[in-house]
There are 2 protein chains.
Amino acid sequence: MQSIEPQKQLLAYIERVVALNDVEVQLFLSKTQIEHFEAKSFLLKAGKVCRTQYFIVKGCIRTYYVDENAVEHIVQFGMENWWAADLQSFITQQPANFNLQALEPTAVLALSHQDLQGLFEEIPKLERLFRIIIQNAYVSAQQRIVENISATAEARYESFLQRYPGLDQRVPQYMIAGYIGVTPQFFSKMKSGMLKQL
Amino acid sequence: MQSIEPQKQLLAYIERVVALNDVEVQLFLSKTQIEHFEAKSFLLKAGKVCRTQYFIVKGCIRTYYVDENAVEHIVQFGMENWWAADLQSFITQQPANFNLQALEPTAVLALSHQDLQGLFEEIPKLERLFRIIIQNAYVSAQQRIVENISATAEARYESFLQRYPGLDQRVPQYMIAGYIGVTPQFFSKMKSGMLKQL
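This one's a predicted model, so the numbers in the text were calculated from it and none came from an experiment.

Digging into empty space enclosed by the protein
Residues and elements named next belong to chain B. Under the counting rule described, the total for this entry stands at 1 cavity of 30 Å³ or more. Per-element accounting of the lining of the largest cavity gives the leading share, 3 residues, to strand β5 (residues 72-78). When the residues that make up the lining of the largest cavity are grouped by side-chain class, the tally is 5 nonpolar, 3 polar and no charged.

Points about the sheet that holds strand β6 (residues 83-84) of chain B
Working definition: the strands of a sheet are paired by backbone hydrogen bonds and lie parallel or antiparallel to each other. Residue and element names in this part refer to chain B. Strand order in the open sheet formed by 4 strands is β1-β8-β3-β6, and the pairing between neighbours is antiparallel. Both outer strands of the open sheet, β1 (33-37) and β6, are each paired with one neighbouring strand and no more. On top of the sheet, helix α1 (residues 4-15) reaches β1, β3 (52-58), β6 and β8 (106-112); it is set at about 105° to β3, its chief contact.

Considering the confidence of the model for chain A
The predicted model of chain A has a mean per-residue pLDDT of 92, with 98% of residues at 70 or higher. The ipTM value of the predicted complex is 0.85, and its pTM value is 0.87.

Considerations on the layout of surface pockets
Each pocket or cavity is described by its volume, and for the largest pocket that value is around 1200 Å³. Together, 44 residues line the largest pocket, and N136(A), S140(A), A141(A), Q143(A) and R163(A) are the ones closest to its centre. Every element with two or more residues in the lining of the largest pocket is listed here: β5 (72-78), β6 (83-84), α5 (125-150) and α6 (153-163) of chain A together with α5 (125-150) of chain B. Split into classes, the residues belonging to the lining of the largest pocket amount to 24 nonpolar, 14 polar and 6 charged. Quantified by volume, the second largest pocket comes out at close to 780 Å³. What lines the second largest pocket is a set of 33 residues, and nearest its centre among them are W82(B), I133(B), N136(B), A137(B) and S140(B). Those elements giving two or more residues to the lining of the second largest pocket turn out to be α5 of chain A together with β5, β6, α5 and α6 (153-163) of chain B. With 12 residues, α5(B) is the single largest residue contributor to the lining of the second largest pocket.

What to know about the relation of the copies chain A and chain B
Rotating chain A by 180° about the axis while translating it 0.0 Å along that axis superimposes it on chain B, leaving an RMSD of 0.0 Å. Both copies of the chain, as the preceding transformation shows, are related through a two-fold rotation axis. Both copies share a contact surface, since 100% of the interface residues of chain A are interface residues in chain B too.

Considerations on the pattern of salt bridges
Overall, the coordinates contain 18 salt bridges over all chains when judged by the stated rule. When salt bridges with common partners are traced through the structure, they connect E121(A), E127(A), R128(B) and R131(B) into a single cluster.

A few points about the side chain of R131(A)
Checked against the element boundaries, R131(A) lands in helix α5. Among residues more than four places away in sequence, those in contact with R131(A) are F120(B), E127(B), F130(B), R131(B) and I134(B).

Quick word on the pairing of β3(B)
All names here are of chain B. Among the 7 residues in β3, 6 count as buried, and that is most of the element. Pairing analysis gives 6 bridges linking β3 to β8, with the strands arranged antiparallel. Each bridged residue has a counterpart across the sheet, and for Q53 the counterpart in β8 is L111. Note: β3 against β6, 2 bridges, orientation antiparallel. Of the residues in β6, the one forming a bridge with F55 is W83.

Let's talk about the environment of E122(A)
You can see E122(A) is positioned in helix α4 (residues 113-122). Considering only alpha carbons, one finds E122(A) and S41(A), 81 residues apart in sequence, at a separation of 34 Å.

Some points on the interface of chain A and chain B
Buried accessible area, meaning the area lost when the parts come together, often serves as the stated size of an interface. Of the residues lining the interface, 30 residues belong to chain A; the matching set on chain B comes to 30 residues. Each partner contributes to the roughly 3300 Å² buried at the junction of chain A and chain B, and carbon and sulfur atoms together form 64% of this total. Of all residues in chain A, the largest losses of buried area upon contact with chain B belong to R131(A), Y138(A) and I145(A), amounting jointly to 19% of the total for that side. At the surface where chain A touches chain B, the tally comes to 6 salt bridges.

Cut-offs and rules
Each chain has its residues counted from 1, following the order in which its sequence is written. As they are written, the chains are lettered A onward and the ligands numbered 1 onward, keeping that order. Totals for whole chains, interfaces and linings use all residues, but because this is a predicted model, local features are given only for residues with pLDDT of at least 70 and pairs of side-chain atoms are given and counted only at 80 or more. The side-chain quantities take in all heavy atoms of the structure and omit both hydrogens and water. Any residue with an atom within 4 Å of a point lines the site, the site being either a cavity, points on a 1 Å grid over the protein atoms alone where a 1.4 Å probe fits but cannot get out, or a pocket, an open set with protein on both sides within 12 Å along at least 5 of 7 lines. Grid points are joined across faces, edges and corners, and a volume is the space filled by probe spheres set on the points. Strands here mean DSSP runs of E at least two residues long; helices mean DSSP runs of H or I at least four residues long; both are numbered from the N terminus. Polar here means any residue other than Ala, Val, Leu, Ile, Met, Phe, Trp, Tyr, Cys and Pro, which are nonpolar, and Asp, Glu, Lys and Arg, which are charged; Gly is therefore polar. Think of it this way: DSSP has to see at least two bridges between two strands before they count as a pair. Contact between two residues is taken to exist if any of their heavy atoms lie within 4.5 Å; hydrogens are not considered. Each axis is a line fitted through C-alpha atoms, and for a helix only the stretch in contact is used; angles between axes span 0 to 180 degrees, taken between their N-to-C directions. Known as pLDDT, the predictor's per-residue confidence is scaled from 0 to 100. The atoms used to superpose the copies are C-alpha atoms, taken from residues with pLDDT of at least 70 in both, and the fit is least squares. What makes a salt bridge here is a side-chain nitrogen of Lys or Arg within 4 Å of a carboxyl oxygen of Asp or Glu, nothing more. Only protein chains enter the accessibility calculation, which uses a 1.4 Å probe. A residue is then buried if its area is under 20% of the maximum for its type, exposed if over 50%, and partly exposed in between. Once two parts are joined, some of their accessible surface, as seen by a 1.4 Å probe, is lost; buried area is that loss totalled over both.

See the structure below:
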């Protein structure tokens, strides 16, 4: 079965947080669907309702927002073992503000809003799993707020490297520059300055 | 009993999310302690471990961060029916980065880390409650990230007013200016400009 390896990866991830029995594992996995996205294709476009949460098995994505001047702002990246969604849209089932775009050929396990609500009823332990997933995402978002208002560009880059190990070799430099809030020119200068100090 | 009214307020808040039976209500409330903080006193200081989550019954607080140049940055405010903690410190039981300071005489219901872990075991429905609380906090934090990187100061102020109804009349203007990331002088000019447009 094509989906066995991705599902093993998801299970290994889950088991670090909660212990599910065999019946629960089967039920949970039966609701997940493997999906493949080509590089540059969209998992979600702003304006559509986010009906699915994605567990990234392989590949990477960016979550970005286009402001009224048509400028793109990267809210976050996602890579192996991260979850991806426009959570506000997913919770409220209202149109999304964010775009989710694959940056590499990307494989995900998809879990629909409807199925997840049912799973919460049938496997209450999943409440804990998703509480902890969201808790970690929240702490990470708060760190980013603090960095945006108080850290230097170099510190924001260090934080990017820590948060997304290896991703600096996988996504275009201008996107990393955008994520940390500097121009590509400044980013390039800053990086060579940092290298010289090593 | 002094704590009856605050506890009713907490219960009304909880019941909007999950239904607890009488035994669960009694158990949950038995773990909460009413605490009072004078204006300017601290619920938590950076460097200490955050051992408590606070449900704000009355009053308001700010969560702020002091950078290496001794500049204060307001991460968020809290007011009636908000929860307050340095969540990263609370989760990891490592020293906090944030200070939590009362801006008015403030009454809270305090719930210790240890008691909350026990409650999660005894009342699994609380996992759902805290999943939803944190989910909302996460969406709000993501909005703030987007605003910080893309919105005008005026839009950030509108968002502050929406997020914290009435709080603009309760906290010093320079703190609101800091929260939205402008100088007090600019903030004052911007507000009079906005008033003229009404």
